[in-house]
Amino acid sequence: LTSIMGCSEIVKEGIAKPEDVPGFLERINSEAKRLLALIDDIISLSGLDEADGGNTPHMEPTDVFEVAKTVMSELEMKGEENGIRLELSGGSQTVKGNKRLLHEMIFNLCDNAIRYNNKGGYVKVDVSPRDGGAVISVKDNGIGVPLEEQERVFERFYRVDKSHSKETGGTGLGLSIVKHVVKVHGGEIVMESALGKGTEITVKL
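The rules behind the values
- Residues numbered from 1 in each chain as written.
- Predicted model: local features only at pLDDT ≥ 70, side-chain atom pairs only at ≥ 80, totals over all residues.
- Heavy atoms only, no water.
- Axes fitted to C-alpha atoms, helices over the stretch in contact; angles between N-to-C directions.
- Helix = DSSP H or I, 4+ residues; strand = E, 2+ residues; numbered from the N terminus.
- Parallel < 35°, antiparallel > 145°, perpendicular 65-115°, else oblique.
- Left-handed = near helix turned anticlockwise from the far one by under 90°.
- Contact = heavy atoms within 4.5 Å.
- Nonpolar A, V, L, I, M, F, W, Y, C, P; charged D, E, K, R; others polar.
- Polar contact = N/O pair within 3.5 Å; in protein donor to acceptor, adjacent residues only side chain to side chain.
- Pairing = 2+ DSSP bridges.
- Core = buried A, V, L, I, M, F, W, Y, C linked by side-chain atoms within 4.5 Å.
- Buried < 20%, exposed > 50% of the residue type's maximum accessible area, 1.4 Å probe, protein only.
- Arc of directions from axis to C-beta.
- Salt bridge = Lys/Arg side-chain N within 4 Å of Asp/Glu carboxyl O.

Draft legend 1. Summary view of the packing of helix α3 (residues 64–81) against helix α4 (residues 99–115). Following both chains from N to C, one finds α3 and α4 inclined at 40°, their axes separated by 9 Å at the closest point. On the basis of their axis angle, the class for α3 and α4 is oblique. The chirality of how α3 crosses α4 is right-handed. Each of V64, V67, A68, T70, V71, M72, E74, L75, K78 and G79 in α3 lies in contact with α4, whose residues at this interface are K99, L102, H103, I106, F107, C110, D111, I114 and R115. Here the contact of α3 with α4 is composed, by residue class, of eleven nonpolar, three polar and five charged.

So this is what it looks like as structure tokens:
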């Protein structure tokens, strides 16, 4: 907000040179998008906190493979823009869950895997069967997470690479939302990561 206010004041008061105005407007637009993303994530977490308090969201038979396929389609352009290859494997697996929340969970995992990757990297999503449920894994060969920080990545606003997060528009809430969605569905989540080699997050529902 400080950045938006500062840039808009400079343009409004006519202090900026005409050739500098597009740059200020671009920064206002960029910061506004980050602010909207943050608000959206906070609203999502607020709803999930209510679910933790006993207000369980509507659950119905949901094919998580179809949800993953939709997410991959939505992120295809972002992957191309960042030089990241997206791959989906596995097959149809139905669980009792909330489709919107499961979509948000898989989307956040894949978005993170793209965001913290390197050009020429990959994001591999696999959906496989589990006794009466499903296992969803999202694997990348990106920057990875140091061992000493792996327990904290699911905390709200925690960022492993703070400068990179801001640069790519991260809010620091994505994995916290994932953790809450898994909890609401009575599932388990496991992370395996190595610095400079990549990360694999597995969700068992």
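Draft legend 2. Summary view of the side chain of N117. Here N117 shows up in the loop between α4 and β4 (122–130). From its side chain, N117 meets the backbone oxygen of A113 in a polar contact 3.1 Å long. Not counting residues within four places of it along the chain, the set of residues in contact with N117 comprises I84, Y122, V123, D140, N141, G142 and I143.

Draft legend 3. Inspection of the sheet that holds strand β6 (residues 188–194) at higher detail. Judged by pairing direction, the sheet is mixed, and its five strands sit side by side in the order β2-β4-β5-β7-β6 without closing on themselves. Since the sheet does not close on itself, it has two edges, and those belong to β2 (85–90) and β6, each with one partner. Looking at each pair of strands side by side, their axes are set apart by 10° on average, direction ignored. Relative to strand β7 (residues 198–204), strand β5 (residues 133–140) runs antiparallel, the two being bridged by six bridges. Residue K139 lies in a different strand from β7, and its bridge partner there is E200. Where α3 meets the sheet, it contacts β2, β4 and β5, and its direction lies at approximately 170° from that of β2.

Draft legend 4. Structural context of the nonpolar core. Counting residues in each nonpolar core, the largest one holds 35 residues, and the members touching the most others are V64, M105, I106, L109 and C110. Only α3, α4, β4, β5, α6 (174–184) and β7 provide two or more residues apiece to this core. By residue number, the principal contributor to this core is α4, which donates eight residues. Residues within four places of I106 in sequence aside, it is in contact with V64, V67, A68, V71 and I136.

Draft legend 5. Representation of the environment of V71. Assignment of secondary structure puts V71 in helix α3. Spatially, the C-alpha atom of V71 lies 7.0 Å from that of I106, the residues being 35 residues apart in sequence. Contact partners of V71, with chain neighbours within four places excluded, come to H103, I106, F107 and C110.

Draft legend 6. Region of the structure containing helix α1 (residues 2–12). Here α1 has its buried residues at S3, I4 and C7. Each buried residue of α1 lies within a common arc of 100° when the element is viewed along its axis, so the set occupies one face. When the buried face of α1 is taken as reference, the exposed residues oriented beyond 90 degrees from it are T2, M5 and K12. Phi for G14, located one or two positions after α1, is positive at around 75°.

Draft legend 7. Region of the structure containing the pattern of salt bridges. Counted under the stated rule, the structure contains six salt bridges. One salt bridge connects R100 with E104, and the closest N-O pair in it is separated by 3.7 Å. Linking R100 with E104, this pair stays in helix α4, spanning four residues, or about one helical turn. Accessibility expressed as a relative area gives 55% for R100, which makes it exposed. One continuous salt-bridge network, built from bridges that share partners, spans K78, D111 and R115.

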